Amino acid sequence: MHPAPPAGSTLDHIGIAVPDLEAALAPWTALGLVKAAEETVASEKVRVAFLPIGPGAAIELLCPTEPASPIRAFLDKRGPGVHHLCFKVADLDAAIAELRGRGYQFAGDAPRPGAGGCRVAFLHPKAMGGVLVELTTGHA
Ligand code: CO
């Protein structure tokens with residue numbers, strides 16, 4: 001029996017596509033936010049910075065590291081701005097199975113490696129009213 005993992009999901013981070021990571025930090029640090037972590041996620045071809053915005057939640061700035069990055073394609077198409085919302089679920093594999101069972105489609109491999117050593121999955125925006133939604137188990 002599957003539990004109902006998507007219920008009770010909590011916001012983990014808001015992903016924002018940016019063309020220049022250092023320049024993109026300025027308006028958020030002006031708000032008093034502080035960069036807590038920065039890393040390259042090779043599998044996604046991005047460099048990311050996390051700025052906590054409350055208990056368990058953060059802003060994630062995503063900058064392409066090469067022309068083939070999906071974030072480069074997003075920037076070219078839509079310009080800088082909100083790219084995805086990420087929710088933390090208790091059991092990622094159960095959440096994927098549960099949602100697939102209800103007919104929801106995932107974009108690319110699900111699960112796959114994400115920032116911070118987390119496993120993540122992206123629900124296709126078509127399934128979520130045009131919003132790209134990432135699921136994660138959160139940082140260990
Ligand atoms: Co993310």
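All figures in this text were calculated on a predicted structure; none of them were measured in a lab. (Residues numbered from 1 in each chain as written. Predicted model: local features only at pLDDT ≥ 70, side-chain atom pairs only at ≥ 80, totals over all residues. Heavy atoms only, no water.)

Four donors placed tetrahedrally around a metal ideally meet at 109.5 degrees, and six donors placed octahedrally ideally meet at 90 or 180 degrees. Bound to the cobalt ion are the protein donor atoms His13 (NE2), Glu60 (OE), His84 (NE2) and Glu134 (OE), situated 2.1 to 2.2 Å from the metal. Motif for the cobalt ion, donor spacing along one chain: H-x46-E-x23-H-x49-E. Within this pair, whereas Glu60 is found in strand 4 (residues 57-64), its partner His84 is found in strand 5 (residues 81-88), the two being separated by 24 residues in sequence. You can call Glu60 buried: its relative accessible area is 5%. (Donors = N, O, S within 2.8 Å, 3.2 Å for Na, K, Ca; no water. Helix = DSSP H or I, 4+ residues; strand = E, 2+ residues; numbered from the N terminus. Buried < 20%, exposed > 50% of the residue type's maximum accessible area, 1.4 Å probe, protein only.)

Take the pattern of salt bridges next. All told, the structure shown has seven salt bridges when counted by the stated rule. For Arg72, the salt bridge is made with Asp76, and the minimal N-O distance between the two is 3.1 Å. Of the two residues, Arg72 and Asp76 are both situated in helix 2 (residues 70-78); the distance of four residues between them amounts to about one turn of the helix. The exposed category is assigned to Asp76, whose relative accessible area is 58%. The partner of Asp93 in a salt bridge is Arg119, and the shortest N-O contact between them spans 2.7 Å. Here Arg119 lies in strand 7 (residues 119-123) and Asp93 lies in helix 3 (residues 92-101), a separation of 26 residues in the sequence. Judged by its relative accessible area of 37%, Arg119 falls in the partly exposed class. Through salt bridges with shared partners, a single ionic network connects Lys35, Glu38 and Arg47. (Salt bridge = Lys/Arg side-chain N within 4 Å of Asp/Glu carboxyl O.)

Okay, the confidence of the model for the chain next. This prediction gives the chain a mean pLDDT of 91; 93% of its residues lie at or above 70. Ranking the elements of the chain by mean pLDDT puts strand 6 (residues 106-113) last, at 90, and strand 4 first, at 97. Below pLDDT 50 for its whole length, residues 1-5 participates in eight contacts with residues either more than four positions away or in separate chains. (pLDDT = per-residue confidence, 0-100. Contact = heavy atoms within 4.5 Å.)

The next subject is the environment of Thr137. Position of Thr137 relative to the elements: it lies in the segment after strand 8 (133-136). Between the alpha carbons of Thr137 and Arg119 there is a distance of 6.7 Å; along the sequence they are 18 residues apart. The residues contacting Thr137, other than those within four sequence positions of it, are Lys88, Val89, Leu92 and Arg119.

This part is about the sheet that holds strand 2 (residues 37-41). Spatially, 2-3-4-1-5-8-7-6 is the arrangement adopted by the eight strands of the open sheet, whose pairing is mixed. Because the sheet does not close on itself, it has two edges, and the strands there are strand 2 and strand 6. This sheet shows a mean twist of 25° between the axes of neighbouring strands, independent of strand direction. In the sheet, strand 5 pairs with strand 8 via four bridges, with the strands oriented parallel. Bridging from a neighbouring strand, Cys86 pairs with Glu134 of strand 8. Docked against the sheet, helix 1 (residues 21-30) engages strand 1 (10-17), strand 2, strand 3 (46-54) and strand 4, running at close to 10° with respect to strand 3. (Pairing = 2+ DSSP bridges. Axes fitted to C-alpha atoms, helices over the stretch in contact; angles between N-to-C directions.)

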